[in-house]
Protein chains: 4
Amino acid sequence: MNAVTPRPRARDAGIVIGTGRTGTHNAITDVPGVRVGHVTLVRGEGPLRVGHGPVRTGVTAILPPGEDWYAEPVEAAHFVFNGAGTTAGLSLIDEFGRIETPVALTNTLSVGTVYEGVVRYMVERIFAPCGEVPWFSPVVGETSDAYLNDIGGLHVRPEHAVQAIENAASGPVDEGAVGGGTGMTAFGLKGGIGTASRVLEMEGEGAAIGVLVQANFGGRLTVAGIPMVELQSPDPVPARETGASIMIVVATDLPLSSRLLHRVCKRATFGLARAGSDGGHGSGDYVIGFSTTYRRPGAMPRTRETLARQEVLINDAFRLVADATEEAILNALFRAERMVGRDGHVREALPLDRVLEILDRHRARRHEA
Amino acid sequence: MNAVTPRPRARDAGIVIGTGRTGTHNAITDVPGVRVGHVTLVRGEGPLRVGHGPVRTGVTAILPPGEDWYAEPVEAAHFVFNGAGTTAGLSLIDEFGRIETPVALTNTLSVGTVYEGVVRYMVERIFAPCGEVPWFSPVVGETSDAYLNDIGGLHVRPEHAVQAIENAASGPVDEGAVGGGTGMTAFGLKGGIGTASRVLEMEGEGAAIGVLVQANFGGRLTVAGIPMVELQSPDPVPARETGASIMIVVATDLPLSSRLLHRVCKRATFGLARAGSDGGHGSGDYVIGFSTTYRRPGAMPRTRETLARQEVLINDAFRLVADATEEAILNALFRAERMVGRDGHVREALPLDRVLEILDRHRARRHEA
Amino acid sequence: MNAVTPRPRARDAGIVIGTGRTGTHNAITDVPGVRVGHVTLVRGEGPLRVGHGPVRTGVTAILPPGEDWYAEPVEAAHFVFNGAGTTAGLSLIDEFGRIETPVALTNTLSVGTVYEGVVRYMVERIFAPCGEVPWFSPVVGETSDAYLNDIGGLHVRPEHAVQAIENAASGPVDEGAVGGGTGMTAFGLKGGIGTASRVLEMEGEGAAIGVLVQANFGGRLTVAGIPMVELQSPDPVPARETGASIMIVVATDLPLSSRLLHRVCKRATFGLARAGSDGGHGSGDYVIGFSTTYRRPGAMPRTRETLARQEVLINDAFRLVADATEEAILNALFRAERMVGRDGHVREALPLDRVLEILDRHRARRHEA
Amino acid sequence: MNAVTPRPRARDAGIVIGTGRTGTHNAITDVPGVRVGHVTLVRGEGPLRVGHGPVRTGVTAILPPGEDWYAEPVEAAHFVFNGAGTTAGLSLIDEFGRIETPVALTNTLSVGTVYEGVVRYMVERIFAPCGEVPWFSPVVGETSDAYLNDIGGLHVRPEHAVQAIENAASGPVDEGAVGGGTGMTAFGLKGGIGTASRVLEMEGEGAAIGVLVQANFGGRLTVAGIPMVELQSPDPVPARETGASIMIVVATDLPLSSRLLHRVCKRATFGLARAGSDGGHGSGDYVIGFSTTYRRPGAMPRTRETLARQEVLINDAFRLVADATEEAILNALFRAERMVGRDGHVREALPLDRVLEILDRHRARRHEA
């Protein structure tokens, strides 16, 4: 591993989580129609001057299928494992069981600005042309990059949220220190964006569960069951200040109601536990899930038979979402490069060679990369 | 009643809700240290041109005691009766049981912008001087003024939130079409901001419960138990579009834990019911409560004796918060003047003479104004 | 009104709540297939001897349609307004969105015994014949009759629950001091079981919302908006000891998902508020709702069109459930006769003549009985 | 390992979970004043005859300190990870933040009977002597032993619950196929009761967190991070029928409010995840927690300083409760002996030799037993 060879994803290094099969890109974009876009802001170095930088932050947008999410919302649910943070839009998800905008991720203090950006995008592209602007409820999550970034400087502007939505594409997803994950920390090492997916059979056809995380939390990093505590630099800054947190976004084309999606979201925390999170006091741990097919006309009529089949599928979904979450967290760490931020604060990259050495000592790699 | 004589508050017109005693100003500011500030934006008339107006909106800020709410947070809780809207900051209230910023109210699409404004205020006044900016979680609520206001134009700017905080004062509170309530509608009539308070005895000293509402909801207006259906102009616009909602903010200097405050917040909805809300599908009905004394050193040690006394007091608190909420809603309607908004949309003021005539017919006024 | 003429229901006395239309029996049994059965236990008088009486208690069973509720469960939801009590079975309602047994109501300390009775009924009638007994989760609610009844004597036996289920019938429902409501108190007067219903149009056909309450709570009794405080004997026993509570069961043949039923359950508390509940600290206030049609094959496929129509209907459902709840509470009080219980404790019947006199003074009756 | 040498607990076999220190007995009884009692019912063999056996079931009672839990309740909270089951008493825990009876565990269909037993115990020992019986709310949890036990026969009687309370003692706790855990299954192997504890420093003195589980769930058994999938006999019976579930009871003498206890309960699920649970659809996974000191007069006044210290301690509590839960689950499996139940159904004991062999292959034992 060096700067010339790009850092591999966990699976490329022979680390296999669970027994399920991944989707084509092993990414949230394996759910048909789902797109992801990043805007990454890295500017300046040296001492923190609030309002001037250094800047290590960004925005990531996850787009449900289609272009008019208000007219064609996706069924949705959420689960807050630890509410030490803020996510705009959760109460509408509870009440109406739906998401009617892109889901955007950024730093904690920029939630409002990104909310305004999503509003501007929706008003300009969707509502203004019709001449009638309704109320709607953007979904914006966050974790804190205060350790590396001039978080008080509010360098994310509304137009960055617009741009992240415009950048969104299907296919492979950039991971590590990009988008909302740019300035994030996990286990005292460089964290950020990671993604993974699993596929399962439903009615003879494939369906996918995709997970994208913005990983910024602490604990004892555990890879495939093996603790990596010796690799972690002890975090010198109290958790409340650094904001140890994770946003987990789950997408699926299984036709799951909000009630079932809520249950799926809960199981994502099993992956978080297995990756070694300590569920810390100051860690805002949020899971947001949506189904791209539940609200489609005729996708799967809610007859008694399909309800029964849904309950059979749900056990697979429970198992796979935990696995995909665990792997998405590993991918965030595997792909993230070392970063120097404000005041010379450093987050080292996960030392991959030593990880693999420890795993091999424990015979915990399933195959060689 | 005419334009020369200002419109009275409900109690000044002889309408008495419940048997409790009001505080000095019959306002949320009767809770010592609590301040309220408004910024009201009214500009332009004629057809809607998104981004240009007409503008009928604003911001209302409710300040917990003190100047550094992050260092000295208030104990807090919330209850979502109907989550058809958005309120930033609820999950931190749940998790940490506290509020660490002012509580700001505005229109739905401006929640993000006001969030940024609160962040700017906190960073500039509190954190930047110390050189370290932590993450924190502003509380920003909303209802929709889309019927009268160019809501898509985002005319509320971050500096309006800063200004609302700076405008905050103790003493009487402006009501009706002011601040966040400027463009709001209730029962098809002009709604907006209203407030009321109740006092009770605790340990031989007075304690207060204050309520402030941003009233924008529908149903069958009921004054002191008497339905006023005949006075309401039927709403020509579907609820989802107009955003029929209410934000209820409850403050008290009773030393109530988040668990007890949550229970108090639930009882506020009894006042909402009695004022005639139909709890409509598209009505975002949120209650946020805080105690100004619970977290103060030594205010009331949590011994078994005080826990027991707390449970005795709580029944009074339950009754009084419902009464204060009902009266605050009436005050919003009593004080709000007729408004013409975008596209010539009109919200008439509640016709007070007819209200009093109906009440007198039913012998439902307790005394003459 | 005297012992010869039976006490009228509220509507028969000219009291009309809301503008909706009632079903045939103005009872929860207006929902097709729903049946109600009571077992009433009244034995002994004089001083309390724990284990010997006097006995003033019973069981009420509300049966979803059909005979095998496990194989054909109804979609369900619940809302706890105040959890000062216990209801068995709520977590399964949340998790699976369904009820798979009858719903039984009794006194607080007999919840376990009635749970066993429901288990016995299900095992003997449904499972034992097939030779395989699965786990399942009975729904049993309660309020406390400790003021009139030897509650510690556990006079309700499992066979009484079985018998209440066997007694269940469609058509008119006995109200007042019967079944689970036998020993209950409301507003310091005799309370008990009450029911009411509303009908609405859906797709050109009628649908019903039925409510049954076991009313045992306190506050300021309010009839059609008019407070009846002067009629209430002040309660000499602290609320915690008497158990001021209400169980509200809502049934409908609208095809509502658990998410929507949860929202309907919340609106039932608006009727509770309007009837004058103070939502007291020790009052266990629970709402349980079920839809008899949602899980039926083909009843209403969950296409996007029907989801949209569902949202239109929901506003009617919200309004009507509040009205039916308010009227069901009034019916409990109107129909309940004076009762003398243990230790000579007395609960007077609501003095109907005086109620009507007060209403007439306020011109609050819609028509004469 | 053979029938002569008793099966070791996990730690005695060299398996160490986390870095924390255990209490004296590595049991929930390490929390001062907490006692545990079992009643184990094993009778008959051969084919199931509902009502006649074979019987493989029981009751486990966990007693908060003292003798009159109603007069001196413990502060409490709960978290339902998956509500596929039933636990009586949860809503009072939410509303009043307390538990006022022993906590009893049994099989699913016997919850009611055990509820009656707890009521009988409380009435006879505590209330009847004073001549006044209030309402109160027993806490009774369950998992399903339908695979081994004649669950429909209701062989647990109220007196068994009384006896389990009377059997309760401090000191070491019997584990495996005892009490409520008698007929339980985990990972297709014999499950049952397990316990563990951790100690931490608070204000210079020790405090304990103890966990007791009734383990009956499925997934891929994972010991110290290493999956044991090869050891599990695939479960031939669908989860819904066998009832794959876990009850987790957490006790501590840290002075934690219900809000903080709720957060601690959530972290217990991290231990469940790491032990390999798949969080299955039909698995009722409940966590109940209580603090023995929070409500004691003067134990720790809730001043601002102590609130701050509490937040520091809470991170330790979060980490340790997950570790203790994981270890308690392992102890249930390590200690449980093979059992033959109804219809010749067999649950093999966890093959310890092979477990240790696999762990050693992965170098995952910390030290030799």
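A brief look at the structure comes next. (Residues numbered from 1 in each chain as written. Chains lettered and ligands numbered in written order. Predicted model: local features only at pLDDT ≥ 70, side-chain atom pairs only at ≥ 80, totals over all residues. Heavy atoms only, no water.)

Considering the overall build of chain A
Piece 1. Check the secondary structure of chain A and you find seven helices and 16 strands.
Piece 2. Over its C-alpha atoms chain A spans a radius of gyration of 19 Å, differing by no more than 12% from the 21 Å that the globule rule assigns to 369 residues.
Piece 3. Taken across its 369 residues, chain A has 72% of its residues classed as buried.
Piece 4. Across chain A, contacts joining residues at least 24 apart in sequence account for 81% of those joining residues at least 6 apart.
Piece 5. Of the accessible surface of chain A, which amounts to about 10500 Å², a share of 51% is contributed by carbon and sulfur atoms.
Piece 6. Averaging the locations of the 36 positively and 42 negatively charged side chains of chain A gives two centres separated by 4 Å. (Helix = DSSP H or I, 4+ residues; strand = E, 2+ residues; numbered from the N terminus. Rg over C-alpha atoms; globule rule 2.2 N^0.38 Å. Buried < 20%, exposed > 50% of the residue type's maximum accessible area, 1.4 Å probe, protein only. Contact = heavy atoms within 4.5 Å. Areas by Shrake-Rupley, 256 points an atom, 1.4 Å probe, with all protein chains shown as cover. Lys, Arg positive; Asp, Glu negative; His and termini not counted. Charge placed at Lys NZ, Arg CZ, Asp CG, Glu CD.)

Quick notes on the interface of chain A and chain D
Piece 1. Contact with chain A, which involves 32 residues of that partner, is made by 32 residues of chain D.
Piece 2. Considering only the side of chain A, the residues that lose the most area to chain D are R220(A), F270(A) and H281(A), jointly responsible for 25% of the buried surface there.
Piece 3. For the pair chain A and chain D, the number of links is two salt bridges.
Piece 4. Linking chain A to chain D there are 23 residue pairs in polar contact (both at pLDDT 80 or more).
Piece 5. If one sorts the elements of the side of chain A that touches chain D by residue count, helix α5 (residues 258-274) of chain A sits on top with eight residues.
Piece 6. Tallied by class, the residues present in the side of chain A that touches chain D amount to 10 nonpolar, 12 polar and 10 charged. (Buried area = accessible area lost by both parts, 1.4 Å probe. Salt bridge = Lys/Arg side-chain N within 4 Å of Asp/Glu carboxyl O. Polar contact = N/O pair within 3.5 Å; in protein donor to acceptor, adjacent residues only side chain to side chain. Nonpolar A, V, L, I, M, F, W, Y, C, P; charged D, E, K, R; others polar.)

Some thoughts on the interface of chain D and chain C
Piece 1. At the junction of the two partners, chain D supplies 49 residues and chain C supplies 49 residues.
Piece 2. Across the chain D/chain C interface, buried area totals approximately 4000 Å², and carbon plus sulfur atoms make up 55% of it.
Piece 3. Among the elements of the structure, β3 (74-83), α1 (90-96), α2 (111-127) and α4 (239-242) of chain D are those that each provide at least two residues to the side of chain D that touches chain C.
Piece 4. Among the elements that make up the side of chain D that touches chain C, the one with the highest residue count is α2(D) (eight residues).
Piece 5. Residue composition of the side of chain D that touches chain C, by class: 22 nonpolar, 17 polar and 10 charged.

Observations concerning the sheet that holds strand β13 (residues 245-252) of chain D
Residue and element names in this part refer to chain D.
Piece 1. Read from one edge of the open sheet, six strands run β4-β3-β14-β13-β10-β9, paired in mixed fashion. Edge positions in the sheet fall to β4 (98-99) and β9 (192-202), since each of these pairs with one other strand and no more.
Piece 2. Relative to β13, strand β10 (residues 205-216) is paired through eight bridges, and the arrangement is antiparallel. Bridge pairing links V211 to V250 in β13.
Piece 3. On the sheet, helix α5 (residues 258-274) packs against β3, β13 and β14 (284-291) and is oriented at approximately 40 degrees with respect to β3. (Pairing = 2+ DSSP bridges. Axes fitted to C-alpha atoms, helices over the stretch in contact; angles between N-to-C directions.)

What to know about the nonpolar core
Piece 1. Ranked by internal contacts, the top residues of the largest apolar core, which has 122 residues, are I15(B) and I15(C).
Piece 2. Beyond its immediate stretch of four places on either side in the chain, I15(B) contacts A10(B), V223(B), A224(B), L330(B), F334(B), L356(B), L359(B) and R365(B). (Core = buried A, V, L, I, M, F, W, Y, C linked by side-chain atoms within 4.5 Å.)

Focus on the sheet that holds strand β14 (residues 284-291) of chain C
Residue and element names in this part refer to chain C.
Piece 1. Within the open sheet, the six strands sit side by side as β4-β3-β14-β13-β10-β9. Their pairing is mixed. The open sheet has two edge strands, β4 (98-99) and β9 (192-202), and neither has a second partner.
Piece 2. Both strand β3 (residues 74-83) and β14 contribute to a ladder of eight bridges, which runs antiparallel. Looking across to β14, one finds that A76 is bridged to F290.
Piece 3. In this fold helix α5 (residues 258-274) packs onto β3, β13 (245-252) and β14, with an angle of close to 40 degrees to the strand it touches most, β3.

Comments concerning the packing of aromatic side chains
Piece 1. Per the counting criterion, the structure on display carries 26 aromatic pairs over all chains.
Piece 2. An angle of 70 degrees between the planes, with centres 4.9 Å apart, marks the rings of F187(A) and F217(A) as edge-to-face. Of this pair, F187(A) sits in the loop between β7 (185-186) and β8 (189-190) while F217(A) is found in the loop between β10 (205-216) and β11 (222-223), placing the two residues 30 residues apart along the sequence.
Piece 3. Exposure remark for F217(A): the relative accessible area of 2% places this residue in the buried category.
Piece 4. Plain terms: the ring middles of Y70(D) and F127(D) are 5.1 Å apart, the flat faces sit at 85 degrees to each other, and that makes the pair edge-to-face. Separated by 57 residues along the polypeptide, Y70(D) in the loop between β2 (55-63) and β3 and F127(D) in helix α2 bring together distant segments of the chain.
Piece 5. What makes Y70(D) buried here is its relative accessible area of 17%.
Piece 6. Chaining the aromatic ring pairs together yields one cluster made of F79(A), F81(A), F270(A), F79(D), F81(D) and F270(D).
Piece 7. Sitting above the plane of the F318(B) ring, R267(B) keeps its charged end 3.8 Å from the centroid. (Phe/Tyr/Trp six-rings, centres within 6.5 Å; stacked < 30°, edge-to-face > 60°. Lys NZ or Arg CZ within 6 Å of the ring centre and 35° of its normal.)

So, the relation of the copies chain D and chain C
Piece 1. Structural alignment of chain D on chain C gives an RMSD of 0.0 Å, achieved by rotating through 180 degrees and translating 0.0 Å along the axis. Here the symmetry operator amounts to a two-fold rotation axis. The rotation axis passes nearest to the C-alpha of G112(D) in chain D, at a distance of 1.8 Å.
Piece 2. Mapped onto chain C, 100% of the interface residues of chain D again fall at the interface, so both copies present the same surface. (Least-squares fit on C-alpha atoms with pLDDT ≥ 70 in both.)

As for the pattern of salt bridges
Piece 1. Applying the stated rule across the entire model yields 68 salt bridges over all chains.
Piece 2. The salt bridge partner of R342(B) is E132(A), with a shortest N-O separation of 2.8 Å. Residue R342(B) is located in the loop between β15 (339-340) and β16 (346-347), and its partner E132(A) is located in the loop between α2 (111-127) and β6 (139-143); the two belong to separate chains.
Piece 3. Judged by relative accessible area, E132(A) falls into the partly exposed class, the value being 39%.
Piece 4. With a shortest N-O distance of 2.9 Å, D360(D) and R365(D) are connected by a salt bridge.
Piece 5. Judged by relative accessible area, D360(D) falls into the partly exposed class, the value being 36%.
Piece 6. Given the relative accessible area of 17%, R365(D) is considered buried.

Considering a positive patch on the surface
Piece 1. A contiguous patch of positive charge on the surface is contributed by R361(A), R363(A), R361(D) and R363(D).
Piece 2. Take R363(D): it is sitting in the segment after α7 (352-361). (Patch = residues over 30% accessible without salt bridge, like charges linked within 9 Å, V, L, I, M, F, W, Y side chains within 5 Å.)

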